[in-house]
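Survey of secondary and tertiary structure
Here's the letter readout for the chains.
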Amino acid sequence: MFFWDPTMVILIPAVILSLYAQMKINSTYHQYSQVGSRKGMTGADVARYILNKNGLYDVPIERVQGHLSDHYDPRSRVVRLSAGVHDSTSIAALGVAAHEVGHAVQHDSGYMPLYIRNTIIPITQIGSYISIPLLLLGFLMGSPSLVELGILLFAGIVFFQLVTLPVEFNASRRAVAVLGGDAILTQDELNGTKKVLQAAALTYVAAALMAVLQLVRLLLISGVLGGRDD
Ligand SMILES: [Zn+2]
């Protein structure tokens, strides 16, 4: 199986970073989810406050199942908060809630990286299903054009992961700005919240690195980058 070849070593940095990021977000979130904010607003309170502050009165907040399943859904314009964030007054929960609302504000203000990201979602969804099967088929059939098509689709996934980075960093920046600027959190509380958001950002960096290195590896295997003996 060509998935288990020497080029696998290329992925090692991304594997290590992914494991580290996962450990970091779990421990940081766990630590700061035990620290209640002095003001006592819940994640839902904070989300509503920031939405209203930005004139987004018509964007509802829904309470959903799952651990850290929090997200903003741009299609239905809904902020969905997990129960552990929605009902919690912890500085970790407030950071997550404010971050998700940050995406709603990005959407409303036409923030370009979010627009690009949402636009290419259908392509990356197709790509994630068929890029690797196409590559395999291309190798089996000895068809360079199938291999190239598979790589092109995979490159779309890589681009998606990369454009996700500014979207995520910007949402966290917006969250910190409003939590501190509007005195929802004190400065020392905000420091804890920042650590949670930075740890979350690291998981996106790890995912992007993994995607980039996978692409490098696929290019090496396919011979597009050097070593083509034709
Ligand atoms: Zn986000």
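Refer to the structure above for everything that follows.
Residues numbered from 1 in each chain as written. Predicted model: local features only at pLDDT ≥ 70, side-chain atom pairs only at ≥ 80, totals over all residues.

Quick look at the overall build of the chain now. A tally of regular secondary structure across the chain gives seven helices and three strands. If you list the helices and strands of the chain from N to C, you get α-α-β-β-β-α-α-α-α-α. The principal-axis extents of the C-alpha atoms in the chain amount to approximately 70 × 35 × 30 Å. Of all 230 residues assigned to the chain, the portion counted as buried reaches 33%. (Helix = DSSP H or I, 4+ residues; strand = E, 2+ residues; numbered from the N terminus. Buried ≥ 20, exposed ≤ 12 C-beta atoms within 10 Å, placed from the backbone.)

Judged by nonpolar contacts, the single largest core of 36 residues is most densely connected at Ala47, Val79, Leu94, Ala97, Ala98, Val101 and Leu179. At the level of secondary structure, the elements contributing two or more residues to this core comprise helix H1 (12-32), helix H2 (43-53), strand E3 (78-82), helix H4 (91-108), helix H6 (144-181) and helix H7 (187-222). It is H4 that provides the largest number of residues to this core, a total of 10 residues. Beyond its immediate chain neighbours, meaning those up to four positions away, Ala98 contacts Val46, Ile50, Ala175, Val178 and Leu179. One finds Leu135, Val147, Phe160 and Ala206 within the second-largest nonpolar core, a separate group that totals 15 residues. (Core = buried A, V, L, I, M, F, W, Y, C linked by C-beta atoms within 7 Å. Contact = placed C-beta atoms within 7 Å.)

Let us look at the packing of H2 against H4. Across the interface, H2 lies against H4 with an axial gap of 8 Å and an inter-helix angle of 30°. Taken together, H2 and H4 sit at an angle that is classed as roughly parallel. Handedness of the H2/H4 crossing: right-handed. Contacts between H2 and H4 involve Gly43, Val46, Ala47, Ile50 and Leu51 on the former and, on the latter, Ala93, Leu94, Val96, Ala97, Ala98, Glu100, Val101 and Ala104. (Axes fitted to C-alpha atoms, helices over the stretch in contact; angles between N-to-C directions. Parallel < 35°, antiparallel > 145°, perpendicular 65-115°, else oblique. Left-handed = near helix turned anticlockwise from the far one by under 90°.)

Further remarks concern the packing of H1 against H7. For the pair H1 and H7, interaxial distance at closest approach is 8 Å and the crossing angle is 160°. Judged on the interaxial angle alone, H7 and H1 are roughly antiparallel. Regarding H1 and H7, the two cross each other, and that crossing is left-handed. The residues of H7 that touch H1, namely those facing Pro13, Ala14, Leu17, Ser18, Ala21, Gln22, Lys24, Ile25, Thr28, Tyr29 and Tyr32, are Gly192, Thr193, Lys195, Val196, Ala199, Ala200, Leu202, Thr203, Ala206, Leu209, Met210 and Leu213. The residue makeup of the contact of H1 with H7, split by class, is 15 nonpolar, six polar and two charged. (Nonpolar A, V, L, I, M, F, W, Y, C, P; charged D, E, K, R; others polar.)

Attention now moves to the pairing of E3. Burial analysis of E3 places four of its five residues in the buried class, the great majority of the element. For strand E1 (residues 61-64) and E3, the ladder comprises four bridges, and the chain directions are parallel. Among the inter-strand pairings, Glu62 is bridged to a residue of E3, identified as Arg80. In this sheet, E3 lies alongside strand E2 (residues 71-73) in antiparallel orientation, the contact comprising three bridges. Note on E3: the bridge partner recorded for His71 is Arg80. In sequence, E2 turns back onto E3 through a hairpin of four residues, with Arg77 there showing a positive phi of about 50°. (Pairing = 2+ DSSP bridges.)

To continue, consider the sheet that holds E2. If you walk across this open sheet you meet the three strands as E1-E3-E2, and the pairing is mixed. Two strands in the sheet have a free side with no partner beyond their single neighbour: E1 and E2. Recorded for the sheet is a direction-independent mean angle of 30° between the axes of neighbouring strands. In the packing of H2 onto the sheet, the strands contacted are E1 and E3, and the crossing angle to E3 comes to about 160°.

Below, the discussion takes up the environment of Ala206. You can see Ala206 is positioned in helix H7. Separated by 186 residues in sequence, Ala206 and Tyr20 have C-alpha atoms that sit 9.0 Å apart. Residues in contact with Ala206, not counting those within four places in the same chain, are Ala14, Leu17, Ser18 and Ala21.

Right, let's talk about unusual backbone geometry for a bit. Phi at Leu68 is positive, roughly 50°, even though this residue is not glycine. Relative to the assigned elements, Leu68 resides in the loop between E1 and E2. Note on Leu68: 14 C-beta atoms within 10 Å, which makes it partly exposed. Phi at Ala183 is positive, roughly 55°, even though this residue is not glycine. With respect to the helices and strands, Ala183 occurs in the loop between H6 and H7.

That is the geometry; function is a separate question.
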